[in-house]
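# Secondary and tertiary structure notes
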Amino acid sequence: MNGAPVSTEIIELMGDVAELMLAELDELVAEMDAAEIELSPFVGTDAALTAEMTASNRANAARVLSMFARRDARPTPIDVPPEALDVGRTVARRGIDLDVIFQSYRRGQNIAWRRYMAHATRIVSSGPLLLQLLEVSSQRIFEYVDHVIGRVIAEAQREREEVLGGALARRTETVRLILDGAPIDSRRASERLAYELARRHTALVLWAPPAGEVQGALESAATILAQAAGARRPLTLPAGTATLWAWLGTDSDPALDALRDAIGQAQPNIRAAVGPTRPGIAGFRRSHAAALAIHRLLAGHPGGARVALYHEMEVTELAAQNLDRAAEFVAATLGPLAANNPSAARLRESLRVFLDEAENAPRAAVRLHTHRNTVLQRVGRATELLGHPPGERRLAVELALELAHQIGPRVLTQT
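In this text the structure is predicted, and so the values were computed from the model without any measurement.

### Notes on the pattern of salt bridges
Scanning the model with the defined rule gives 28 salt bridges in all. Close ionic contact of Arg71 with Asp16 constitutes a salt bridge, the shortest N to O distance being 2.6 Å. Residue Arg71 is found in the loop between α4 (47-69) and α5 (82-94), and its partner Asp16 is found in helix α1 (residues 8-23); the two are separated by 55 residues along the sequence. What makes Arg71 partly exposed here is its relative accessible area of 21%. Using a relative accessible area of 28% as the deciding quantity, one classes Asp16 as partly exposed. With its nearest N and O atoms 2.8 Å apart, the salt bridge here joins Arg89 to Asp86.

So this is what it looks like as structure tokens:
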């Protein structure tokens, strides 16, 4: 960052403000995310885009604030975080208007600047010193954001030109038209995709936390799952740096239960959300929408199953569309059993499996890899914490247990 020499006092004050903001970085990033999703609501419905946006916001905020916190009066070169460039590439691959990048950065900048000013006015009383602090700080923040926006948009344009140059562009455009519900001839679209749309379709969303360049591993996993389901080569489309959309085309309903064993052949951190099998172009869209809903539900819970089938999670997904309400429901239904700690988790899982096995302790013990008596002891303790037999409100209890199992900390009571 360039500019006229700045006094040591201003540099120190900038560092003080930055340290306060770094201490509340999680809150800042959450507020930036919310503002950008308000601007572009479709981002909030796509777990892959949301994750990349969050990573970019965190990296940019941490980069600027860390530079201030170092209290270095010398000009500092602006280093663009790789997470910011990742978002630019994803926007280009999805065919999203590049103006979204510019508008989102300005939204995020405004949020960060408001927080910065609030902290600055608490540290420095009104007067020339405060004015100088804000002037220098705003100049350096604007320099950083302008530079990063330029680099990110340039990267997005480069990616778009590369994508538009070949088969991936045709595939991306055709899939986008189908998903948008645009009028499109099924036979012509099938030819462009080299994928028969008149068949039955099972959509997958594959992802690999933590984010990284793993598209090759995701493509390999999609092929493994297609073979296990009895499908031909899958239709795939990169949906982010660590997310892949895929469709399995079959003449009859595929063997989806086989996917759980097959995923073991893929890279260990790869997970898959699997939509229902549906026919034709409409089925292609509907299965994808369902797989996206499951991905959105599970993406923030790294401890979940590696393969999640929509037909097993449909009720959970419906119940979790409002996470705040879902958390209230889990807390009210499970009481102390909703605590986010290992002891409560063990009791919840034992009770969940016990009820799922029609209260058959030996079968539950097999699934839990423990002894029948241990299962009964845990169920007894869980019942004490509930304050009533599970059968009295069986539907509510089972749903609350399933929400806790599938979503984890986001609906549990923090202890």
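Having seen the model, we can carry on.
### Some words on unusual backbone geometry
One non-glycine residue with positive phi stands out, namely Ala358, at about 60°. Along the chain, Ala358 falls in the loop between α15 (342-356) and α16 (361-368). Of the residues examined, Ala358 reaches a relative accessible area of 55% and is grouped as exposed. Positioned with a positive phi, Glu359 is a non-glycine residue whose angle comes to about 60°. Structurally, the position occupied by Glu359 is in the loop between α15 and α16.

### Section: the domain arrangement of the protein chain
Per the domain assignment, the segments making up the protein chain are domain 1 (8-162), domain 2 (196-316) and domain 3 (322-411). Taking only C-alpha atoms into account, the centre of domain 2 sits 28 Å from that of domain 3. Facing the 8 residues of domain 2 at the interface are 9 residues of domain 3. Summed over both partners, the interface of domain 2 with domain 3 buries about 690 Å², with 57% contributed by carbon and sulfur atoms. A per-residue breakdown of the area domain 2 buries against domain 3 is headed by Leu297, His301 and Thr316, which together make up 62% of the total. Summed over the shared surface of domain 2 and domain 3, the number is 1 residue pair in polar contact (both at pLDDT 80 or more).

### Concerning helix α18 (residues 394-407)
End to end, α18 covers 20 Å across 14 residues, agreeing with the expected 20 Å (1.5 Å per residue, within 8%). Along α18, the residues classified as buried are Ala396, Val397, Ala400, Leu401, Glu402, Leu403, Ala404, Gln406 and Ile407. The inward-facing, buried residues of α18 contact α12 (280-298), α13 (310-319), α14 (323-334), α15 and α17 (372-386). Immediately beyond the C-terminal end of α18, within one or two residues, lies Gly408, with a positive phi of roughly 75°.

Rules behind the numbers
Residues numbered from 1 in each chain as written. Predicted model: local features only at pLDDT ≥ 70, side-chain atom pairs only at ≥ 80, totals over all residues. Heavy atoms only, no water. Salt bridge = Lys/Arg side-chain N within 4 Å of Asp/Glu carboxyl O. Helix = DSSP H or I, 4+ residues; strand = E, 2+ residues; numbered from the N terminus. Buried < 20%, exposed > 50% of the residue type's maximum accessible area, 1.4 Å probe, protein only. Domains from an automatic or database assignment. Contact = heavy atoms within 4.5 Å. Buried area = accessible area lost by both parts, 1.4 Å probe. Polar contact = N/O pair within 3.5 Å; in protein donor to acceptor, adjacent residues only side chain to side chain. Expected span 1.5 Å × (residues − 1).

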